[in-house]
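Commentary on secondary and tertiary structure
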Amino acid sequence: MGQLGARKRGKTWEWFFESARIDGKRKRITKGGYRTKAEAIEAGTQAKAEYDNAGAHFLPSEISVADYYDFWLEEYCKVNLSMDTLIGYQKKVDLHIKADLGMYKLKSLTPAIIQKFLNDKFNQGYSRNTLSVFKGLLTGALNYAVEPMHFIKYNPAVGVKLPSHRAVPESPSRKKDRNIIPAEQWEVIINRFPEGHTCFIPLQLAYRCGLRLGEAFALTWNDVDMDAKTLNINKQVQNLDGMWTFYSPKYNSARIIPLDSKMLDILKRAKDNQERSRAYYAEYYTILFEDDKRHINTEGKGTELFMINRRENGTYIQPRVLQHCSRIIHHQLGFTNFDFHSLRHTHATMLLENGANPKDVQARLGHKNIQETLQIYTHVTSKMQDQTVDILEKIL
């Protein structure tokens, strides 16, 4: 392969080197526009190293675990996995594997390092299911590093064990208790974020419909059937590589749910207000689009989106507004146990307390099985205890 060179072209410098022969002919790779020879040599050295490594942006013998996982997510996961799975993997890789193991060189990972990683997570209170996901991410990604990539000779995650079922973690389970929001607290919250506020509709969708955060912010007007009084939940939105992106609901739980009359009225007023705002702003109204990768954009790529959660000028109201909302509820209103999911929890609990069929609640919330509905939401409350006593009195 030709050596790297640099030469001056006019007032700037360029680097160049020869690539492999194609049909017996030489081909030169070059790029110019650098202010100095040193800048050209530096950029050319990096470009030639990448070319010599068949397009990889690193030396396999020196790559860090963090960089390798970026490579694996880009070159394997994006090609072979669904967007749902990719987003789930990316979150766990960023928050755990890269955070705790990312500084190591890939070739320096050992079974002892990986075993300690899993043991530490166990002692921090992570469930066995979550630990199994971590182990799967390590085993699968490192298998790919062995074959077909040949970055390392063996997979150090093979043979690493999850803690025994009899083991007791140093910290209690990280499973979060979900709190019921009493009616009086709900009134205080919704009065603080009244109709017209960016958080009003998402809060109502969680409390009155049981929607997840990503589902509430993914709704478009064609998901609402005003005549049938139903809501079609067929997607959720997540931030992927800095872009708000649609993908299927959790557990592929697409569903159509009936709307109560107050929620329907809220949506009708919101739609009327949007139409008036669009007419008022005219050419200055922000138009939203969905491209072929299901990204929300304002560049005119793809088809127009008619989102429910929009500001007066048409801009998209992103899920992150709930971070500010939660801070206000925690610190100004004093409801420190609040989170968005607690509204979904409250919705289900209210239904069950008042005699709703658990199977109907499961379908409405999009739970993957009835056990999840019963396990999470059929805790004993004072009202349930009173109902049980009433039933017992009638029997006896």
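See the structure printed just above.
Below, the structure is looked at part by part. Worth saying up front: this structure is predicted, and the values here are computed from it rather than measured.

Cut-offs applied
- Residues numbered from 1 in each chain as written.
- Predicted model: local features only at pLDDT ≥ 70, side-chain atom pairs only at ≥ 80, totals over all residues.
- Heavy atoms only, no water.
- Salt bridge = Lys/Arg side-chain N within 4 Å of Asp/Glu carboxyl O.
- Buried < 20%, exposed > 50% of the residue type's maximum accessible area, 1.4 Å probe, protein only.
- Helix = DSSP H or I, 4+ residues; strand = E, 2+ residues; numbered from the N terminus.
- Pairing = 2+ DSSP bridges.

1. Quick notes on the pattern of salt bridges
All chains considered together, the criterion is met by 16 salt bridges. Linking arginine 7 and glutamate 14 is a salt bridge whose minimum nitrogen-to-oxygen distance equals 2.6 Å. Arginine 7 gets classed as partly exposed once you look at its relative accessible area, which sits at 32%. In this structure, the salt-bridge partner of arginine 278 is glutamate 304, at a minimum N-O distance of 2.8 Å. Of the two residues, arginine 278 sits in helix H9 (residues 261-281) while glutamate 304 sits in strand E11 (residues 303-305), which places them 26 residues apart along the sequence.

2. What about the pairing of strand E2 (residues 12-18)?
Each regular strand shows side chains that alternate between the opposite faces of the sheet. In terms of burial, E2 is largely enclosed, as five of its seven residues are buried. In this structure, strand E1 (residues 5-9) lies alongside E2, joined through five bridges in antiparallel fashion. Following the sheet pairing, alanine 6 is matched in E2 by tryptophan 15. Joining the antiparallel neighbours E1 and E2 is a turn of two residues, in which glycine 10 adopts a positive phi near 70°. As paired strands, E2 and strand E3 (residues 28-34) are joined by five bridges and run antiparallel to one another. Bridging across to E3, phenylalanine 17 finds its partner in isoleucine 29.

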